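These are the residues of each chain, in order.
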Amino acid sequence: LDYLMQKLALITFLTSFLVFSSLAEVPKQYQATKLFSKEDARKLVDQYYSLHDNRADAREYYPLLADTELHMLMGSVVSSKQEFKSWLRKIKLFSRSVKHTVKEIEISATKNGSYFINLCVRYRGRTRLFTKFDNTDRIKWELVESKDELRLVIQTYLVEKGCK
């Protein structure tokens, strides 16, 4: 019985070690700030919201979104291009029209080589029921380089209610 208890303690220790060592992974390093300028980052912001305002098909957004490790939190969690397509379909069913206006933008290079974008965005429009909406939210992006070709992509997109 003592032998089994020792083995169980060893297995528990090794499992705990593996779990905690994976949590302490070295942060990923990117090359976005070396390959692209802040102006390139700003153009991506404008392109993304232009697609929204023109009610573009989801496939037109795909070149702007990371192929892997995509994390978008905008009322629901989106972690793939397919989930983005479903989210966009719901947004289009809800809204009849929308217009985005970037009120504030701050673009900064991070230590890991990505760009961090802090935005205050006003979006207003009409629902399918002809009611108006007018919201202003804080939106935070992380931009990295694409893994398959030379382009800047959105990896993280987080919406926080209101701009403060």
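Criteria and cut-off values
Residues numbered from 1 in each chain as written. Predicted model: local features only at pLDDT ≥ 70, side-chain atom pairs only at ≥ 80, totals over all residues. Heavy atoms only, no water. Helix = DSSP H or I, 4+ residues; strand = E, 2+ residues; numbered from the N terminus. Buried < 20%, exposed > 50% of the residue type's maximum accessible area, 1.4 Å probe, protein only. Contact = heavy atoms within 4.5 Å. Areas by Shrake-Rupley, 256 points an atom, 1.4 Å probe, with all protein chains shown as cover. Expected span 1.5 Å × (residues − 1). Arc of directions from axis to C-beta. Polar contact = N/O pair within 3.5 Å; in protein donor to acceptor, adjacent residues only side chain to side chain. Core = buried A, V, L, I, M, F, W, Y, C linked by side-chain atoms within 4.5 Å. Phe/Tyr/Trp six-rings, centres within 6.5 Å; stacked < 30°, edge-to-face > 60°.

## What to know about the overall build of the chain
Check the secondary structure of the chain and you find five helices and six strands. Start at the N end of the chain and walk to the C end: the helices and strands fall as α-α-α-α-β-β-α-β-β-β-β. Looking at the 164 residues of the chain, the share that counts as buried comes to 35%. Counting only contacts in the chain whose residues sit at least 6 apart along the sequence, the fraction spanning at least 24 positions is 58%. When the accessible surface of the chain is totalled, it reaches about 10500 Å², and 58% of it is carbon and sulfur.

## Section: helix α3 (residues 38-53)
Helix length check: α3, at 16 residues, gives a terminal C-alpha distance of 23 Å against a target of 22 Å (1.5 Å per residue), a fit within 8%. Regarding α3, the residues found buried are A41, L44, V45, Y48, Y49, L51 and H52. Burial along α3 is one-sided: seen end-on, the buried residues are contained in an arc of 150°. The N-cap of α3, judged by a side-chain oxygen 3.3 Å from the amide nitrogen of E39 a few residues on, is S37. The positive-phi residue at the C-terminal boundary of α3 is R55, with phi of around 55°.

## As for the nonpolar core
Of all hydrophobic cores here, the largest spans 32 residues; its most connected members are Y48, Y49, M72, F84, W141, L143 and Y157. Taken together, the elements giving at least two residues each to this core come down to α3, α4 (58-61), α5 (81-94), β4 (115-127), β5 (132-145) and β6 (152-161). Top element by residues in this core is α3. It accounts for six residues. Discounting residues that sit within four places of it in the chain, Y157 has contacts with Y48, Y49, H71, M72, L73, M74, I139, K140 and W141.

## Some remarks on the packing of aromatic side chains
Across all of its chains, the model carries ten aromatic pairs by this definition. When the centroid spacing of 5.4 Å and the interplanar angle of 45° are considered together, the rings of Y48 and Y157 count as tilted. With a gap of 109 residues between them, Y48 in helix α3 and Y157 in strand β6 connect regions that are remote in the sequence. Taken together, Y48, Y49, Y61, F84, W87, W141 and Y157 form an aromatic cluster joined through their ring pairs.

## With respect to the side chain of R151
For R151, the location among the structural elements is in the loop between β5 and β6. Owing to a relative accessible area of 15%, R151 belongs among the buried residues under this scheme.

## So, the environment of L119
The topology assignment puts L119 in strand β4. Apart from residues no more than four positions distant in its own chain, L119 is found in contact with V45, Y49, V102, E104, I105, D137, R138, I139 and W141.

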